[in-house]
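# Analysis of the macromolecular model
So you can see what is in the structure, the chains are spelled out below.
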Amino acid sequence: MTEPNDDLMILATPYALHAMPQADVEDVERQLADAPAPVALAFADEVRTVRELMARMSAATAVEPPPELRARLLSAVDDGKVVELRPQSTRWRTIAVAAAAAVVIGVGALGVGFAMRPAPTQTAAEQIYAAPDVRTVSAQIDSGRATFVFSRERNAGFLVMNDVAPPKPGTVYQMWLLSDAGAASAGTMDAAAVSPSTKAVLPDLGNSTALAFTVEPPGGSTTPTTPIFAELSLA
Amino acid sequence: MTVLVTASSTLRGVTADLDALLRRVAQRDVEAFAAFYDNTRARVYGLVVRVLRDPGYSEETTQDIYLQVWRNAQGYNPAVGTPLAWLMTLAHRRAVDRVRSEQATSQRESRYGAANVDPPADRVAEAVIQLDEQRQVNACLESLTDPQRECIQLAYYEGLTYVQVSERLAANLATIKSRMRDGIRGLRKCLGVS
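The following paragraphs examine the structure supplied in this document. Quick caveat: nothing in here was measured; it's all calculated off a predicted structure. (Residues numbered from 1 in each chain as written. Chains lettered and ligands numbered in written order. Predicted model: local features only at pLDDT ≥ 70, side-chain atom pairs only at ≥ 80, totals over all residues.)

## Details of unusual backbone geometry
Excluding glycine, residues mostly carry a negative phi; peptide bonds, for their part, are mostly trans. The criterion, for reference: Helix numbers and strand numbers start at the N terminus; a helix is a DSSP run of H or I with at least 4 residues, a strand a run of E with at least 2. Neighbour density around each residue's C-beta defines its exposure: 20 or more other C-beta atoms within 10 Å make it buried, 12 or fewer make it exposed, and counts between make it partly exposed, where C-beta atoms are placed from the backbone.
One non-glycine residue with positive phi stands out, namely His18(A), at about 55 degrees. The residue His18(A) is located in the loop between α2 (12–16) and α3 (22–34) in this model. Overall, His18(A) belongs to the buried group, with 21 C-beta atoms counted inside 10 Å. The phi dihedral of Ala170(B) falls on the positive side, at around 50 degrees, and the residue is not glycine. With respect to the secondary-structure elements, Ala170(B) resides in the loop between α8 (162–169) and α9 (173–191).

Below, the structure written as structure tokens:
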């Protein structure tokens, strides 16, 4: 027996499993919007059930993540521990503050529940984590690891470095945002800033395609003077 | 950190705990977030690594998933499903998006087309996933026909669309859709999910 809606209902499974090309997803959603309520409800119910099933199925593929991930996540959401690097210029700081103000307004508009809570002053890092387009890239640096969480929409990123060897005496690490226009300094870190871990907000990503690190004399340089020793692609 | 799930608790218990935790996460409760992570991390990371086949990408994607949880906990709607289903749907979506964008940008098909990388079961904390449950789920997967299991493997665990599955298996689209539906029905019946 073939019901008129069989062609639609059979799509509930691939829809729930994210196994449809985007164009087909949009097509199904259009059909559902036009379908009688019982059909749309039956489809939604089927999708819900398949997703509950896959939640159960997740027991079969469970694997413990690396333990460092927990610490990274918790420091990411725990605003009390965020430190900002010394900015290289006042312009840098002004942009950061302006961006932060703009973001707080944006978040406040999201929902009454959020806006009504007492002074949810978000740190710059929180705003990055809260961005809809937040992305994470990371790289091994010798024995340590650098992780950069960034948002193009917020035009800012948050750098966490754990167990990276500090720069040799008389040198600093300098961060650079690389773009077609060249390398723009994003701040320096001395031994005290690096060890044992660093958290820093980098505003003004612009159209940079990578975050790179070099060794420079104290105070930093205007352009990189040594080869890049680590690079995180932001492309 | 509080351990909310003991080896004897059932999935129902986990779900009830997750519901309460997620409500606290929505209030920006870092400790609740940590507990939520501890109760679900193996499921999430395990699924992501199964789909992405790359520990580095999987770590990044898992981090993004939990940041999304932190950000969107207040948007969780119990009417749409349990917190675990909400989380695993979100996790799968992000993993699949990552696979598709990597495939689109780099064409490193071989990376994802490789043979199954089945995780060693002993790496999973017993407190989080009951071994009984794991055995039951695996037994149910085994109970499917080979074509059904293959369809679910390719679509869900490799992130292929049904169009790609039909190309991979040289079968027509209607057949693939039916196999997918029947495979899922089989699993539902086997696990008693209705």
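## Some words on the nonpolar core
Applied cut-off: Note on terminology: a nonpolar core is a set of buried residues of type Ala, Val, Leu, Ile, Met, Phe, Trp, Tyr or Cys, with members joined through C-beta atoms within 7 Å. Any pair of residues counts as being in contact when their C-beta atoms, constructed from backbone geometry, are within 7 Å of one another.
Among the nonpolar cores identified, the biggest contains 103 residues, and Ile128(A), Tyr129(A), Val25(B), Phe36(B), Val48(B), Trp70(B) and Ala155(B) are the most heavily contacted of them. Broken down by element, the residue count for this core peaks at 13 residues, all from helix α2 (residues 30–52) of chain B. Other than its neighbours up to four places away in sequence, Trp70(B) contacts Val77(A), Tyr129(A), Val25(B) and Phe33(B).

## Examining the packing of helix α5 (residues 68–77) of chain A against helix α3 (residues 55–72) of chain B
What counts, and what does not: Lines fitted to C-alpha atoms define the axes, with helix axes restricted to the stretch in contact, and inter-axis angles between N-to-C directions lie between 0 and 180 degrees. Here is the rule for handedness: rotate from the far helix to the near one, and if that takes an anticlockwise turn smaller than a right angle the crossing is left-handed, while a clockwise turn gives right-handed. Throughout this entry, Asp, Glu, Lys and Arg are counted as charged residues, while Ala, Val, Leu, Ile, Met, Phe, Trp, Tyr, Cys and Pro are counted as nonpolar. The remaining residues, Gly among them, count as polar.
For the pair α5(A) and α3(B), the least separation of the axes is 11 Å and the interaxial angle reads 35 degrees. Crossing geometry of α5(A) relative to α3(B) is assigned as right-handed. Of the residues in α3(B), those in contact with Leu69(A), Arg72(A), Leu73(A), Ala76(A) and Val77(A) of α5(A) are Glu59(B), Thr62(B), Gln63(B), Tyr66(B), Leu67(B) and Trp70(B). Here the contact of α5(A) with α3(B) is built from residues that sort into seven nonpolar, two polar and two charged.

## With respect to the interface of chain B and chain A
The interface of chain B with chain A comprises 57 residues on the first partner and 45 residues on the second. Where the side of chain B that touches chain A is concerned, the elements lending two or more residues are α2, α3, α4 (83–106), α6 (131–143), α7 (146–157), α8 and α9 of chain B. For the side of chain B that touches chain A, the element with the highest residue contribution is α2(B), accounting for twelve residues. Residues that form the side of chain B that touches chain A fall into these classes: 32 nonpolar, twelve polar and 13 charged.

Any functional reading would require information that these geometric values do not contain.
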